[in-house]
Amino acid sequence: MRKFKAIIWLTGALVISPAVMANIDFPHLEITGVGEITAAPDMANIDVGVVTERKTAKAAKSASDKAVAAFIERLAKQGVKRDQIESAHIQLSPRYQHTKDKAPELIGYRAERQVTVTLNQLDKLNAVLDGALGEGINRIRQVQLTSSEQLALKDKAREAAVNDAKDKADSLAKSLGMRIDGVWQVRYRSSHPRPVMMNAQMRSDSAEVAATYQDATMQIRDQVDIIFRLED
């Protein structure tokens, strides 16, 4: 029986509020403030890839390298700097044909390579995607819209969260016929801005992608928990 009671006590302890755990013995309010900023993205991170299949590993690698090199050259002509382009190492794998009652037959090789582009000028997104299509790239894995002002936007969202908590506290205190007498504790819940993720599987053209990003917005959200002291 003692063991059972101990388990009940421990379970109850898990749901005790932070204020009780901290032994706050004065009138107070525990408020969660939320701030959200909406902004238009001005950057894009693009992940594209090329998959080629040839009879030999050498031919598959050569075709992949050629497509990637042509794409990078086109990006350079569009003003994209080399340090904004990352090309992953190539992956080669054999391809087999499986026939019932027969040993697997080697029929060729598959080469895969990925290229990531950080585009600082969003108005070039259409041209970059069109360039990918025209240079042998046959996979657009992901288009991620984001902002070059993320740190400043994050600061604004945090400030909005604090102001939201203060407004809520003032309103509640007024309803209770009391007044706020300072802040006793702040618990900040750090969060990260969420970029706009676009479904960009390879299509015959980039029109659908363009229509999606032109009106896109991103939300930067932040949250803070504040314990306000109330006047006795």
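Quick summary incoming for the structure in this document. A quick note: this is a predicted structure, and the numbers were derived from the prediction, not measured. Residue indices follow the written sequence of each chain, beginning from 1 at its first position. Owing to the predicted nature of the model, reporting of local features is limited to residues with pLDDT of at least 70; listing and counting of side-chain atom pairs is limited to 80 or more, with chain, interface and lining totals taken over all residues. Only heavy atoms go into the side-chain values, all of them from the structure, while hydrogens and water stay out.

Notes on the sheet that holds strand E9 (residues 218-230)
What the three strands build is an open sheet, ordered E1-E9-E7; its pairing is antiparallel. The open sheet has two edge strands with one neighbour each: strand E1 (28-39) and strand E7 (180-189). Across the sheet, the mean angle separating the axes of adjacent strands is 30° when strand polarity is ignored. In this structure, E7 lies alongside E9, joined through seven bridges in antiparallel fashion. By the bridge assignment, arginine 189 is partnered in E9 with glutamine 223. Only heavy atoms enter the contact rule, under which two residues are in contact if any of them lie within 4.5 Å. Note on geometry: axes are C-alpha line fits, over the in-contact stretch for helices, and angles between N-to-C directions span 0 to 180 degrees. Secondary structure elements follow DSSP: runs of H or I of four or more residues count as helices, runs of E of two or more count as strands, with numbering from the N terminus. Helix H5 (residues 150-175) rests against E1, E7 and E9 of the sheet, and its axis sits at about 145° to E1. For two strands to be treated as a pair, DSSP must find no fewer than two bridges joining them.

Brief notes about the pattern of salt bridges
Salt bridges are identified by distance alone: a Lys or Arg side-chain nitrogen within 4 Å of an Asp or Glu carboxyl oxygen. Applying the stated rule across the entire model yields 12 salt bridges. Here arginine 221 and glutamate 36 are joined by a salt bridge, their closest N and O atoms 3.5 Å apart. Here the residue arginine 221 occupies a position in strand E9, and glutamate 36 occupies one in strand E1, the gap between them amounting to 185 residues. Only protein chains enter the area calculation, which uses a 1.4 Å probe; residues under 20% of their type maximum are buried, those over 50% are exposed, and those in between are partly exposed. The exposure class assigned to glutamate 36 is partly exposed, which follows from its relative accessible area of 44%. Linking arginine 95 and glutamate 53 is a salt bridge whose minimum nitrogen-to-oxygen distance equals 3.4 Å. Here the residue arginine 95 occupies a position in strand E4 (residues 91-97), and glutamate 53 occupies one in strand E2 (residues 43-54), the gap between them amounting to 42 residues. On the basis of relative accessibility, which here comes to 36%, the residue glutamate 53 falls in the partly exposed class. One salt-bridge network, held together by shared partners, links Glu53, Arg95, Arg110 and Glu112.

Some remarks on unusual backbone geometry
Its identity as a non-glycine residue notwithstanding, aspartate 101 has a phi of 65°, on the positive side. By relative accessible area, which is 76% here, aspartate 101 ends up exposed.

So yeah, pure geometry; function would need other evidence.
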